[in-house]
Amino acid sequence: MVFSFLYICPRTFLLRKKMKFLNFHTHQADQRPDVAAIVCYEPLAFQQESPSACPMASVGLHPWHADVCSGAQLNTLAQLLQLPQIVAVGEVGLDRLCQTDYQHQLKTFDIQLRLASVVQKPVIVHCVKAIDDLLAELDVIDNRPPIIVHGFRGKPQQAEQLLRHGCRLSIGGKYNTETVQKLPSGAFMIETDDDAEADIKQIYSQIAEIRDCTLQQLMMQQQTNWASIGILPDNQ
């Protein structure tokens, strides 16, 4: 399956209030008024904390914890995915370098992909040394939701492989410069992940310099990219 990444005119966004720095994946809330972030939680943690101050969140079972996945956690996840505050599933995925049993990872990932396909919310994917297995899993999911491989640091050839299969990428503070230069404008998001010292504004500035565009152009395109997968920060 091949997807094209269309450029959607961002004029609508310009008519709204001042653009924000959009952080697609983080583990820390950011209260600055010019930043909008999707904060990542595991299902039970979100349920226990009930972070009402977090207007956008993602929930999912990380592959590192797949071996302790339970029916209760999956039921909680399915319920949370009905909330408008939960804009994405994740982070979920596959990691061949961690100690968690790989078969448990595959099973847990498959279940969460299918839950995401039901609610049609984007999936934030953690993928380490497992691109072929990831693509094989995606190929058997009907009505597949948008897939975003987060923290992508790979070479352009790996990026192209994922893009050919309709995935998007999310770029953080560590990246392959050539990949960042060559990515189609509509094919990537920007994030800080779990680095408490990372500043999303600084990462935007670095990427804008690498791509030889203005900061405003990059922010506009990110607004468009989020909208293309159904996430409108101003509506959350």
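Criteria and cut-off values
- Counting starts from 1 at the beginning of each chain's written sequence and moves along it residue by residue.
- In keeping with the predicted nature of the model, local features appear solely for residues at pLDDT of at least 70, side-chain atom pairs appear and are counted solely at 80 or more, and the whole-chain, interface and lining totals rest on all residues.
- Water and hydrogen atoms were dropped before computing side-chain values, which therefore reflect all heavy atoms in the structure.
- With a 1.4 Å probe rolled over the protein chains alone, any residue whose accessible area is under 20% of its type maximum counts as buried; one over 50% counts as exposed, and the rest are partly exposed.
- Strands are runs of DSSP state E lasting at least 2 residues, helices are runs of H or I lasting at least 4, and numbering of each runs from the N terminus.
- If you view a crossover with the strands going away from you and the path from the first strand over the helix to the second runs clockwise, you call it right-handed.
- Only the contacting stretch of a helix is used when fitting its axis, a line to C-alpha atoms as for every element, and angles between N-to-C directions run 0 to 180 degrees.
- Just so you know how the angles are binned, under 35 degrees is roughly parallel, over 145 roughly antiparallel, 65 to 115 roughly perpendicular, and the rest oblique.
- Crossing handedness: left-handed means the near helix sits turned counterclockwise from the far one by under a right angle, and right-handed means the same turn made clockwise.
- Residue contacts are defined here by distance: any two heavy atoms, one from each residue, within 4.5 Å place the two residues in contact.
- Three residue categories are used. Nonpolar comprises Ala, Val, Leu, Ile, Met, Phe, Trp, Tyr, Cys and Pro, charged comprises Asp, Glu, Lys and Arg, and polar comprises the others, including Gly.
- Any two strands with at least two DSSP bridges between them are considered paired.

Enquirer: So what exactly am I meant to see when it comes to the pairing of strand β5 (residues 123–128) here?
Expert: Extensive coverage of β5 is indicated by the burial of five of its six residues. Following the chain from strand β4 (residues 86–95) across helix α4 (residues 102–119) to the adjacent parallel β5, one finds a crossover that is right-handed. Crossover β5 to strand β6 (residues 147–149) through helix α5 (residues 131–139) is right-handed.

Enquirer: Would you mind going over the packing of helix α3 (residues 71–80) against α4 with me for this structure?
Expert: How two helices pack is summed up by the angle between their axes together with the distance between the axes. As a packed pair, α3 and α4 sit with axes 10 Å apart at the nearest point and diverge in direction by 20°. As the angle between them shows, α3 and α4 are arranged roughly parallel. In this structure, the crossing between α3 and α4 has a hand that is right-handed. Where α3 approaches α4, its residues Leu74, Leu77 and Ala78 are matched on the opposing element by Ile111, Gln112 and Leu115. Here the residues of the contact of α3 with α4 sort into five nonpolar, one polar and no charged.

Enquirer: Help me out: how do you make sense of the sheet that holds β4 in this one?
Expert: Sheet strands associate in pairs through backbone hydrogen bonding, adopting either a parallel or an antiparallel arrangement. If you trace the eight strands from one edge of the open sheet to the other, you get β1-β2-β3-β4-β5-β6-β7-β8, paired in parallel fashion. Single-partner strands in this sheet number two, and they are β1 (21–26) and β8 (188–190). Looking at each pair of strands side by side, their axes are set apart by 25° on average, direction ignored. Bridge analysis of β1 against strand β2 (residues 35–41) gives four bridges, and the strand direction is parallel. Across the sheet, the residue bridging to Thr26 is Val39, located in β2. Relative to the sheet, α5 contacts β4, β5 and β6, its axis offset from that of β5 by approximately 145°. Running over the sheet, helix α8 (residues 200–210) touches β1, β2, β7 (168–171) and β8 and is turned about 110° from β1.

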